[in-house]
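One-letter residues, chain by chain:
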Amino acid sequence: MEEKIFFDRNGVSVSNARFIVHGQTYAMNGVTSVKQAVKHPSRLGPIVLGLIGLIALINGGGGIFLGIVLLAATVFWWVRQKPEWIVVLNSSSGETQALTSEDRSYINGVIEALNQSVIHRG
């Protein structure tokens, strides 16, 4: 049977026989299911920085400028934090986090291709 390619972009390839992620190859005949997971960033750092900024702002005096700068940094840090979307492969040997990206649509495309590969395999 000829190998059919379902996805090939950015060093990631999905065919009916293989899933290749940046040089790591997974045999599709061992994959029992595929799912998406998400890892949300820790917000502890921006929250602590924001609290310090609020305290500096409330204390007044020379701390007002520092408080404004710290609050601006907090907002910038918070907005820049993005969740990581993960392709999780299940096999008889357990779960494997095969691919991670901040681009959800990219991960959705890879998962769709992996599901097509599993269906094609039968």
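These notes cover the structure that comes with them. Bear in mind the structure is a predicted one, so any value in this text is a computation, not a measurement. (Residues numbered from 1 in each chain as written. Predicted model: local features only at pLDDT ≥ 70, side-chain atom pairs only at ≥ 80, totals over all residues. Heavy atoms only, no water.)

1. Digging into the packing of helix H1 (residues 44-59) against helix H2 (residues 63-80)
Here H1 crosses H2 at 160°, and the two axes come no closer than 7 Å. Classified by the angle their axes make, H1 and H2 are roughly antiparallel. Crossing handedness for the pair H1 and H2: left-handed. Contacts from Gly45, Pro46, Ile47, Leu49, Gly50, Ile52, Gly53, Leu54, Ala56 and Leu57 of H1 reach H2 at Gly63, Ile64, Leu66, Gly67, Ile68, Leu70, Leu71, Ala73, Thr74, Trp77 and Trp78. Considered class by class, the residues forming the contact of H1 with H2 number 15 nonpolar, six polar and no charged. (Axes fitted to C-alpha atoms, helices over the stretch in contact; angles between N-to-C directions. Helix = DSSP H or I, 4+ residues; strand = E, 2+ residues; numbered from the N terminus. Parallel < 35°, antiparallel > 145°, perpendicular 65-115°, else oblique. Left-handed = near helix turned anticlockwise from the far one by under 90°. Contact = heavy atoms within 4.5 Å. Nonpolar A, V, L, I, M, F, W, Y, C, P; charged D, E, K, R; others polar.)

2. Remarks on the pattern of salt bridges
Under the defined criterion, the tally for this structure stands at two salt bridges. The residue Glu3 makes a salt bridge to Arg18 at a minimum N-O spacing of 3.0 Å. Of this pair, Glu3 sits in the segment before strand S1 (5-9) while Arg18 sits in strand S3 (residues 18-21), and the two are 15 residues apart along the sequence. Among the ionic pairs, Lys35 bridges to Glu95, the shortest N-O distance being 2.9 Å. (Salt bridge = Lys/Arg side-chain N within 4 Å of Asp/Glu carboxyl O.)

3. Considerations on the side chain of Thr74
By the secondary structure assignment, Thr74 is in helix H2. Judged by relative accessible area, Thr74 falls into the buried class, the value being 11%. Engagement of the side chain of Thr74 in a polar contact is seen with the backbone oxygen of Leu70, the distance being 2.8 Å. Excluding residues that lie within four positions of it along the chain, Thr74 makes contacts with Pro46, Leu49 and Gly50. (Buried < 20%, exposed > 50% of the residue type's maximum accessible area, 1.4 Å probe, protein only. Polar contact = N/O pair within 3.5 Å; in protein donor to acceptor, adjacent residues only side chain to side chain.)

4. A word on the sheet that holds strand S2 (residues 12-15)
Within the open sheet, the four strands sit side by side as S1-S2-S3-S4. Their pairing is antiparallel. The open sheet has two edge strands, S1 and strand S4 (24-27), and neither has a second partner. Taking each pair of neighbouring strands and ignoring which way they run, the sheet shows an average axis angle of 10°. Bridge count between S2 and S3: three bridges; the pairing is antiparallel. (Pairing = 2+ DSSP bridges.)

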